[in-house]
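Reading the structure
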Amino acid sequence: MGNINEALKDARKIVIKIGSNTLAKPDGTINIEFMLEFAQQCAELIKQGKQLILVSSGAQVAGVSTTKEWARKKDVHYRQALCAIGQVELMHQWRKAFQKQELHIGQLLLTKDDFENEHRSLNIRNTLFTLVDEGVVPIINENDSVSFDEIKIGDNDNLSALTAILWSADMLILFGDEDGIFTDNPKTNKDAKFIETVTSIKELRDQIKIGGTSSFGTGGVETKIQAAEKVTAYGIQLLLANGKKEKALESLLDENSKGTLFTAE
């Protein structure tokens, strides 16, 4: 599996997406210890000359941590309000985590409309380049509190793909709660085979079964494949890896690192 660590070593501009399941504890509240450790790993990569952008899910998770009595409310207005509360807490915790590494962060909340409007997308691109060039870590999330169907991306896998394309990244890393892609759900099928490298997404679709979404997240295998289709068309490699592992980011530099690597087509 040396192709993963070699691909990461070769990549300079990296977009990293962290899913809600990765950020959440089993009780559904935000995992602050994970954030502290992850910021430290990011700082180490930056010291090695990497440029990083984070796409961080977790506004609802952070909202539940702050306003526990809203955890079971399903009304869309409550969910959007919960995201408004949670986004503040999420960024507060990221700020504290990166502050320990003597790094500043910058927040961008985006919708699909921002990427489809030429003027706004150019502004996003310029802002990202300026932040990264000045040593600031941009942290992006969808603007869930104002998004509705017509302007909603819907998941951060595709949001991170659009970001990677706009920023001309070398690699997109999607951290979830699985090691990568299997031919079937490994939790229900012990014979599911792990897929290390994908060179043809069309062939991949023919050989796997796609399950549903996770308990906290809005994506699943399908949205990750969609993200891979987007970025590989622009020559950007995509890596799926397990964010629940200890030192998840740092471990990808090991020769025995595990994940599914989509190579640019």
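Here's a quick rundown of the structure.

Let us look at the nonpolar core. Ranked by size, the top nonpolar core spans 39 residues in total, and within it Ile16, Phe38, Leu54, Trp94 and Ile173 carry the most contacts. In terms of residue count, helix α3 (residues 32–47) provides more of this core than any other element does, 7 residues in total. Setting aside chain neighbours within four positions, we find Trp94 in contact with Ile18, Leu23, Met35, Phe38, Leu54, Ser56, Ile105 and Ile139. Counting 34 residues, the second largest nonpolar core, distinct from the first, contains Ile53, Val132, Leu159 and Trp167.

Counting buried residues in strand β5 (residues 171–176) gives 6 out of 6 residues, a clear majority hidden from the surface. Burial of β5 is two-sided: the residues Met171, Ile173 and Phe175 facing one way and the residues Leu172, Leu174 and Gly176 facing the other way are all buried. Bridge count between strand β1 (residues 13–18) and β5: 5 bridges; the pairing is parallel. Each bridged residue has a counterpart across the sheet, and for Ile18 the counterpart in β5 is Phe175. Examined bridge by bridge, β5 and strand β9 (residues 237–242) share 6 bridges and lie parallel to one another.

Here helix α10 (residues 221–232) is 12 residues long and its end C-alpha atoms lie 16 Å apart, about the 16 Å a rise of 1.5 Å per residue gives. Turning to α10, its buried residues number three or more, namely Thr223, Lys224, Ile225, Ala227, Ala228, Val231 and Thr232.

A cluster of like negative charges, contributed by Glu6, Asp10, Glu250, Asp254 and Glu255, occupies part of the molecular surface. For Glu6, a relative accessible area of 43% gives the class partly exposed.

Okay, the environment of Leu90 next. Within the element layout of this structure, Leu90 appears in helix α5 (residues 76–99). A residue is classified by how much of its surface remains accessible, and Leu90, at 0% relative accessible area, is buried. Between the C-alpha atoms of Leu90 and Gly58, which are 32 residues apart in sequence, the distance is 6.8 Å. Those residues in contact with Leu90 that sit more than four places away from it in its chain are Leu23, Ile30, Met35, Ser56, Ser57, Gly58, Ala59, Ala62 and Asn141.

Conventions adopted
Residues numbered from 1 in each chain as written. Predicted model: local features only at pLDDT ≥ 70, side-chain atom pairs only at ≥ 80, totals over all residues. Heavy atoms only, no water. Core = buried A, V, L, I, M, F, W, Y, C linked by side-chain atoms within 4.5 Å. Buried < 20%, exposed > 50% of the residue type's maximum accessible area, 1.4 Å probe, protein only. Helix = DSSP H or I, 4+ residues; strand = E, 2+ residues; numbered from the N terminus. Contact = heavy atoms within 4.5 Å. Pairing = 2+ DSSP bridges. Expected span 1.5 Å × (residues − 1). Patch = residues over 30% accessible without salt bridge, like charges linked within 9 Å, V, L, I, M, F, W, Y side chains within 5 Å. Areas by Shrake-Rupley, 256 points an atom, 1.4 Å probe, with all protein chains shown as cover. Salt bridge = Lys/Arg side-chain N within 4 Å of Asp/Glu carboxyl O. Lys, Arg positive; Asp, Glu negative; His and termini not counted. Charge placed at Lys NZ, Arg CZ, Asp CG, Glu CD.

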